[in-house]
Amino acid sequence: MKRGFLTIYAGENAAVFRALSAPARVDMLKLLCVKGSLNVNEIARELDLPQSTVATGIMILEEAGLVETKAAKARKGYQKICTALYDEILLSFEDQAFKHDEDVIEVAMPIGLYTSCETHAPCGLCSTEGVIGLLDVPDYFLDPQRMQAGLLWFGRGHVEYKFPNNAKILNRNVNAIEFSMELSSEVPGTNPDWPSDITVWINGVAVGTWTSPGDYGDKRGAFTPGWWKLEGSQYGKLKTWRISKKGTFIDGVAASDVTVDDLAIGQHSSIRLRVGIAEDARNTGGVNIFGRGFGNYGRDILMRIDLAQ
């Protein structure tokens, strides 16, 4: 089930603003995030609200895309099971509404298309069909079948990708660049309390580190194939590194003073993204990178470039 990070822009997403405008509906979201999926009666009981109020509130939250509901059998008939889709919601005042398609470049990179790597066990790769090579053998990270990978993991080291620098081809300056990917820590099996300092480098510059709380295996990832055992890593957190003129931000929170100008993007024909564990990391809990066919998002690594007008 998708439980991630949502950014809403001022002036857009009217349905979301409406849904969040009532304290009772905000309380419903908080309850679902803390306790997980609940039915309407359980929500009404926990919040001491009339069932009709909860039913209406859930309908508004569902229409806004903040809650998902499913019908499930009950003792008498059916009940509506409600699940929050996001753990965090960020309000942004960036001028996103004024951007045009020609001012934004997006490139999706399959996680197996890294151009260099240095990995240490525990490590491995999987496609949606099965394990690629042998587990805990770093040499298999050079196997050509890595291009089919939908999940990869390692205890220490890094993988590096080369993205095309279309901004240079267009002879355009860059206002900001961001990378989004689904990540978690890595431990043999799973452990929700297994912190790991995961760092992103761009063009050789360490831009920011996110400390993953753990390696999640409490339930199957929304896209993770059925053959992958529940004892293995199931899903991660969708994280976004954004480097602008003001510095580097991870999911909107300041992470470092590195600016987009420090990356010298205009001087390179490619944009190098490295993901891994720094040698001086305090929490060396490894990393899982989830791609297509795995995790809660089932998507490639996404690069987004905001061009200067």
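One can find the structure itself at the top, above this paragraph.
Model, not experiment: these values are computed from the prediction.

1. Notes on the pairing of strand S15 (residues 253–256)
Side-chain positions along a regular strand alternate between the two faces of the sheet.
For step 1, the next point in the chain: Bridge count for strand S14 (residues 247–250) against S15 is 3 bridges, and the pairing is antiparallel. Residue Thr248 lies in a different strand from S15, and its bridge partner there is Ser256.
For step 2, the next point in the chain: The loop that links S14 with its antiparallel partner S15 comprises 2 residues; one of these, Asp251, has a positive phi angle of about 55°.

2. Comments concerning the sheet that holds strand S4 (residues 78–84)
Strand pairing in a sheet relies on backbone hydrogen bonds, with the paired strands running either antiparallel or parallel.
For step 1, the next point in the chain: Strand order across the open sheet formed by 3 strands is S2-S4-S3, with antiparallel pairing between neighbours. Both edges of this open sheet fall to strand S2 (38–39) and strand S3 (67–73), since each of them pairs with a single strand only.
For step 2, the next point in the chain: Pairing of S3 with S4, which is carried by 7 bridges, proceeds in the antiparallel orientation. Bridging from a neighbouring strand, Glu68 pairs with Thr83 of S4.

3. Looking at the packing of aromatic side chains
The description of an aromatic ring pair uses the distance of the two centres, along with the angle that the planes make with each other.
For step 1, the next point in the chain: Applying the stated criterion across every chain, the model contains 6 aromatic pairs.
For step 2, the next point in the chain: Pairing Tyr114 with Phe141 gives two aromatic rings, centres 6.1 Å apart and planes at 35°, and the pair type is tilted. Highlighted residues: Tyr114 in the loop between strand S6 (104–109) and strand S7 (116–126) and Phe141 in the loop between strand S8 (131–132) and strand S9 (151–164), separated in sequence by 27 residues. An identical accessibility class is assigned to Tyr114 and Phe141; each is buried.
For step 3, the next point in the chain: Aromatic pair Tyr114 and Tyr161: ring centres 6.2 Å apart, planes at 85°, arrangement edge-to-face.

Definitions and limits used
- The residue numbering used here restarts from 1 in each chain and proceeds along that chain's sequence as written.
- Since the coordinates come from a predicted model, pLDDT governs what is reported: local features require at least 70, and pairs of side-chain atoms require 80 or more to be given and counted, while whole-chain, interface and lining totals use all residues.
- Think of the side-chain values as coming from all heavy atoms in the structure, minus any hydrogens and water.
- Strands were regarded as paired on the criterion that DSSP finds at least two bridges between them.
- Segments assigned H or I by DSSP are reported as helices when at least four residues long, segments assigned E as strands when at least two residues long, and all are numbered from the N terminus.
- Only centres within 6.5 Å qualify two rings of Phe, Tyr or Trp (six-membered ring in Trp) as a pair; their planes then separate them into stacked at under 30 degrees, edge-to-face at over 60, and tilted for everything else.
- Between buried and exposed lies partly exposed: a residue is buried under 20% and exposed over 50% of the maximum accessible area for its type, with that area taken using a 1.4 Å probe on protein chains only.

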